[in-house]
Amino acid sequence: MAHSTINQYLQQVYEAIDGRDGSFCSELLSFKHPHVANPRLQLASPEEKCQQLLEPPYDEMVAAHLRCTYAVSNHDFVEAYKAFQSHKEENWALPVMFAVTLDLRIFANNAEQQLQKKGKGQPAEMLEKAAEQLMSCFRVCASDNRAGVEDSKKWGMMFLSNQLFKIYFKINKLHLCKPLIRAIDSSNLKNDFSPAQKVTYRYYTGRKAMFDSDFKPAEEFLSYAFHHCHRSSQRNKRMILIYLLPVKMLLGHMPTHQLLRKYDLMQFADVTKGVSEGNLLLLNEALNKHETFFIRCGIFLILEKLKIITYRNLFKKVYLLLRTHQLPLASFLVSLQMMQLQDVDLDEVQCILANLIYMGHIKGYISQQHQKLVVSKQNPFPALSSVS
Amino acid sequence: MSRRRAPRRISLSQRRDAPAGGEWRQRTEEQRRGKAEVREVEEEEERQEHHGKESVPRGTCQTMCPTRELQDRQLQNCLHRFELLAGTERDRRPRGDPLRAVKEYSRPAAGKDSTNSSDLRPAAVLLKTVCYLIDKVAASPHLRPWTEVYNFVFDRLRGVKQDMIIQRTSGLNCVAILERTVRFLIYASYRLCGEPLRLYDPRINDTHLQENLSWLLDCYATGTEPHPNQEEFQALGLLYNLGSARAAQHIMELPERLRCSPAITLALSINRAFHEQNPVRVLRLARRLNFMQSCALHRHLVSCRRDLLLIYSHGFSSRNCRFPLDRLAQLLFLDASLTTRLCQAHGVEVNRDSQLIFSKAAFTEPEQLHCKLYHNIVAEKQRDLSVGDIIHGCT
């Protein structure tokens, strides 16, 4: 493969197309295949040759692919990306489309980085264009009503969605995920896609749910992804866990040290400790210390929501200490001041308590006249997992 | 169709920046049909490419309104009353004043050529136009009512933006123009709050504000020059979009030195208090905002106060509840009578001794809330700032 001439290569492509051999054809058009290193195929203008041997639209597709190998060999990812844009709709060869769209996204990424280094172009321009291309492929797949289930292009939907999710998350335009999710959820094939695709799909829909503060579905989706992710993919499991952990913590389930150590996520250790002990000081310190990591993963803001849980845990300690059902508000104020919280006064204490009552974390009411929190004699601090 | 032509056709359409969807498909079809016109156009474009000709239009119009448009609108009697030559207002056909006429926004349409250089204003002229619109129209003490002033300035700013888009303007002039546009729209969102829908639509204002803000933030991200006002606008963006995870994430990804600036730190702490569902803290921190920042936060005031009443309705809900009205008034930053009114609108009972009786069952969403009644917290910050100062950013 690495030494064939252009004619031999084109002959192989022709045979693959003629024989409707999707997987072999996809290899011939994928950048993961060794043929791309063959200098005889790296041509700047292969159009004429391709036209001689292949029918449209394959002639243009292959020509673009070969121009791309030429550009990549010269490290010009921007050109490579442009060459790639011309491949789009494929009518029967889904594996070909998968290979091509995957490479498209990767090239768009590389082109972005190159442009950024040079300081040119609008941010996210390349990736947005790639997304537009992928979206048109998706539409073709989703609207395929003609073929029977086995031949349907609908099988391409999840793969393409996953590619699009990756782009949308990168350019921070999550609202664009919604139509894709809707299309797949309403499809009758939704449970029959490959396990790998489903895991990826659930990973992204879980992250989207997190972003929308729908924590119950987020936990469901991310747990699915974590449990069905292949045991050997440590890296992927770790990535899923980064998002699953905050959601679980918000629902009151703290991870064990063992788990954190196993997946090299010790950044969460002090966060977990702070939250479960009601130690706001430790939580704030942990958030500051690993700020960069949390921001890069996009979970910093969600971890801040853990403060509400932390207040609840702290105040529960106050209740347990004082052993009475009529708790002076001043005692809560003292507990907050011990956590070195600046400029908190009784008004804010009342607000924090009122909010915990509103959310169902505390059963009781505040008496303004007596400046006390009066809690229920039965289970005044319901378990976190039982509070929605 | 000779064999020699065909390869050139493929490379041409593929080498150019692939246009979105429809255009590309159309061209391929035309190629297959072998239309002669397509070939001609492509040859012409190829010739232009070979000459290295830039296809970005460059404006040459040195006046706020292109002469041709002024004459046309004068003939058709389509000049705005703010554009008329003094003394001719009551004529059958009033005359336009070239020192007051400003190019309108016109919707792009098929067949309309918007790239004629003499109709486009270069960046320096655009900035002068914007300054005129602010100083002589928006800030004018004579032109009334302000809803009409707003509509005029809104439209003409849109025209400025259009010229910028066509000429792909970037750099310091672009930033200066966008900054003023954003400030104008933020100020308007406060000033025209409560006006009837036919005179002012907050949703349209919001759409344009977000577009301009988004472009401005992109300019900050791509340019290499320092932007002295960046801190101000990043903070304004976060305040205006309080509660938006996307906006907050954007701020978190800014370089640390910028994130630690006072304006952004304050905006972040307000955002944090909002996420922790602590409206008392939100309103308290909001006191530290300056006038423009308060205008940006303004549209969240209603929901903030509503949240407070809702949370307190649950937290203090008991048969013997007695919460002093004055205390609540302080928390809401309203006077006693307005607080009473707000409570009643939310179903919170006020008894004869000015005590509130919170009850979670009684809380209701108000039907129609007139924000304007309650936004003194913003109004009092304006003090003796002139409209011109506010929009140019000399606060």
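Residues numbered from 1 in each chain as written. Chains lettered and ligands numbered in written order. Predicted model: local features only at pLDDT ≥ 70, side-chain atom pairs only at ≥ 80, totals over all residues. Heavy atoms only, no water.

Going by the annotation in an unreviewed UniProt entry, the name recorded for chain B is SAC3/GANP/THP3 conserved domain-containing protein, with Champsocephalus esox given as the source organism.

Chain A is annotated in an unreviewed UniProt entry as PCI domain-containing protein 2 from Champsocephalus esox. Entered under Sequence similarities (unreviewed entry) in the UniProt record, the comment concerning chain A runs "Belongs to the CSN12 family." (UniProt positions renumbered as here; feature names shortened; annotations may be inferred.)

What follows covers the overall build of chain A. Along its length, chain A carries 19 helices and three strands. The buried share of chain A, taken over its 388 residues, is 56%. Taking the intrachain contacts of chain A between residues at least 6 apart in sequence as the baseline, contacts between residues at least 24 apart amount to 60%. For chain A, the accessible surface area stands at approximately 17,800 Å², while carbon and sulfur atoms represent 51% of it. (Helix = DSSP H or I, 4+ residues; strand = E, 2+ residues; numbered from the N terminus. Buried < 20%, exposed > 50% of the residue type's maximum accessible area, 1.4 Å probe, protein only. Contact = heavy atoms within 4.5 Å. Areas by Shrake-Rupley, 256 points an atom, 1.4 Å probe, with all protein chains shown as cover.)

On to the sheet that holds strand S1 (residues 323-324) of chain B, then. With respect to topology, three strands assemble into an open sheet ordered S1-S3-S2 (chain B), the strand pairing being antiparallel. Pairing within the sheet leaves two strands with one partner each, and these edge strands are S1 and strand S2 (349-350) of chain B. (Pairing = 2+ DSSP bridges.)

Residue and element names in this part refer to chain A. Direction of pairing for strand S1 (residues 326-328) relative to strand S3 (residues 372-375): antiparallel, over a ladder of three bridges. Each bridged residue has a counterpart across the sheet, and for Pro 328 the counterpart in S3 is Lys 372. Pairing geometry for strand S2 (residues 364-367) and S3, over four bridges, is antiparallel. Looking at S3, one finds that Gly 364 is bridged to Val 375. As consecutive antiparallel partners, S2 and S3 are separated by four residues, and within that stretch Gln 371 has a phi angle of approximately 50°, a positive value.

As recorded in UniProt, the feature "domain: SAC3/GANP/THP3 conserved" (unreviewed entry) lies at residues 64-351 of chain B. Here residues 64-351 of chain B is 60% helix and 1% strand, with 61 Å between the C-alpha atoms at its ends.

Moving on, we get to the packing of helix H8 (residues 157-170) of chain A against helix H10 (residues 195-211) of chain A. Residue and element names in this part refer to chain A. Running from N to C, H8 and H10 point in directions that differ by 40°, and their axes come no closer than 9 Å. H8 and H10 meet at a crossing whose hand is left-handed. Residues Met 158, Phe 159, Asn 162, Phe 165, Lys 166 and Phe 169 of H8 touch H10, and the partners they reach there are Gln 197, Lys 198, Thr 200, Tyr 201, Tyr 204, Thr 205, Arg 207 and Lys 208. A breakdown of the residues in the contact of H8 with H10 according to their chemical character gives six nonpolar, four polar and four charged. (Axes fitted to C-alpha atoms, helices over the stretch in contact; angles between N-to-C directions. Left-handed = near helix turned anticlockwise from the far one by under 90°. Nonpolar A, V, L, I, M, F, W, Y, C, P; charged D, E, K, R; others polar.)

Residue and element names in this part refer to chain B. Looking at the element boundaries, Arg 68 is found in helix H4 (residues 67-75). Overall, Arg 68 belongs to the partly exposed group, its relative accessible area being 47%. Arg 68 sits 50 residues away from Ser 118 along the chain, and the two C-alpha atoms are 8.9 Å apart. When residues no more than four places from it in sequence are discounted, the contact partners of Arg 68 are Asn 116 and Asp 119.

We now examine the confidence of the model for chain A. It should be kept in mind that the predicted coordinates are not to be read in detail where pLDDT is low. When pLDDT is averaged along chain A, the result is 82; 82% of the residues meet or exceed 70. Counting contacts from residues 86-92 of chain A, a segment whose pLDDT is below 50, to residues more than four positions away or on other chains yields 26 contacts. (pLDDT = per-residue confidence, 0-100.)

Attention now moves to helix H13 (residues 279-286) of chain B. Most of H13(B) sits inside the fold, with six of its eight residues counted as buried. All of the buried residues along H13(B) are B:Pro279, B:Val280, B:Val282, B:Leu283, B:Leu285 and B:Ala286. Contacts made by the buried residues of H13(B) are with helix H19 (346-359) of chain A together with helix H12 (262-275), helix H14 (291-297), helix H15 (301-315), helix H16 (325-332) and helix H19 (376-382) of chain B.

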